[in-house]
Amino acid sequence: MKQLSFFIIIFIVWAGTTDKSFAQAQYQPIEKALLEQLTEKKVFLKVDDIAEIDHRIFQFTKLRKLSIKSPHIDHIPTSILELKNLKYLSLSQTQRDSSFVFQAPSEVNKLSKLKEIHFHLINIKTFPAFLRQMVCLESLHIGFGNIEAIPDWIAELKKLQSLSIIGNPFKTIPMQLSNLKNLKDLYLDYNKILKFPKAILSLKKLEVLSIINNKIEQLPSNIGVLKKLGILSLIDNMLTEIPESLSKCTKIRNLYLDYNKIQLYPSSLGKLKRLWLLGLRGNQLKEIPETIKNYCKLANLDLAQNNISQIPDFLYSLKKLKKLDISNNPIEQTSLDHLKQVLPSLKILY
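Residues numbered from 1 in each chain as written. Predicted model: local features only at pLDDT ≥ 70, side-chain atom pairs only at ≥ 80, totals over all residues. Heavy atoms only, no water.

Draft legend 1. Seen up close, the pattern of salt bridges. With the rule as written, the count across this model stands at seven salt bridges. Between Lys125 and Glu148 there is a salt bridge, with the nearest N and O atoms lying 4.0 Å from each other. Of this pair, Lys125 sits in the loop between strand 5 (116-120) and strand 6 (139-143) while Glu148 sits in the loop between strand 6 and strand 7 (162-166), placing them 23 residues apart in sequence. Across the pair Lys340 and Asp337 runs a salt bridge whose closest N-O atoms are separated by 3.7 Å. Taken together, the positions of Lys340 and Asp337, both in helix 2 (residues 333-342) and three residues apart, correspond to about one turn of that helix. Under the relative-accessibility criterion, Asp337 is labelled partly exposed at 31%. By sharing partners, the salt bridges in this structure join Arg281, Asp302 and Asp325 into a single network. (Salt bridge = Lys/Arg side-chain N within 4 Å of Asp/Glu carboxyl O. Helix = DSSP H or I, 4+ residues; strand = E, 2+ residues; numbered from the N terminus. Buried < 20%, exposed > 50% of the residue type's maximum accessible area, 1.4 Å probe, protein only.)

The following block contains the structure:
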């Protein structure tokens, strides 16, 4: 592997008592004396726009979070094994190289405190093999690579609570994903998925499901088994209808169905009484669904770019509605003016 050195390092010193309590970023080159001083503190180290990694980084023996951005990243250096307290690792590639096999030290699984890994813009066709060893991982994010298939062994990462695989050309999800029983957040945006993955229906702890910009035409009739869902985003697919069983997902707060081909919004979805946001932009609705009147907590409603011609009276009863986007619909100005009179605090986009 190449030896690495860097141009400039910027750092954030964490002075709080939890990993989320960071001081304001202070940017300056790191000198040897400063490195020695910071090894005694809890530090988040961010290394930007580097050609190579200076191995002095790994003197930060108490380092908890490490973020590296470089035009070319094809491996994790062996020196990382010195970071026994590392909890978070982010590797971002700023230029797309030809495909390569990503490498990591064989003993990387000894970093037992490492719970979260992010890869971004790394031009790899397969999952990095070392991840199979990371059985303690709780969060894994792979963004905008060139992955053609998700490996079956992903089922071995049983402690995963958050999984994000975004911007890759794979079309299917292995059934083995159903073994990730602790998964709470799943993001599969900007891939090439053709059918709603059946494996997802076994993820009963799932709270956030996002499958934006894929090629899904139909949702399973039993999607209602995902009863803990709070956020469901299916923006920019090819859906023509919504199964009535979605009404069983009564914990949903945010429902994004924008840019599909939906003509009818099921009346049974009136049971989603916790809805705070409903997105139906860019569909084929001819009227505002009457069932919306049941959403007493609804604050944001997006109905732009449909074929809606009238504003029904029941819309006036939505007293908590703060924002309504009704733009690019054939609605008469007089109807809009009346709506503004009845709900003067409502922000209307038309």
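Still more to cover.
Draft legend 2. A look at the pairing of strand 3 (residues 65-70). As paired strands, strand 2 (residues 43-47) and strand 3 are joined by four bridges and run parallel to one another. Residue Leu45 lies in a different strand from strand 3, and its bridge partner there is Leu66. Relative to strand 4 (residues 88-93), strand 3 runs parallel, the two being bridged by six bridges. What sits directly across from Ile68, in strand 4, is Leu91. (Pairing = 2+ DSSP bridges.)

Honestly, it's all geometry; don't read function into it.
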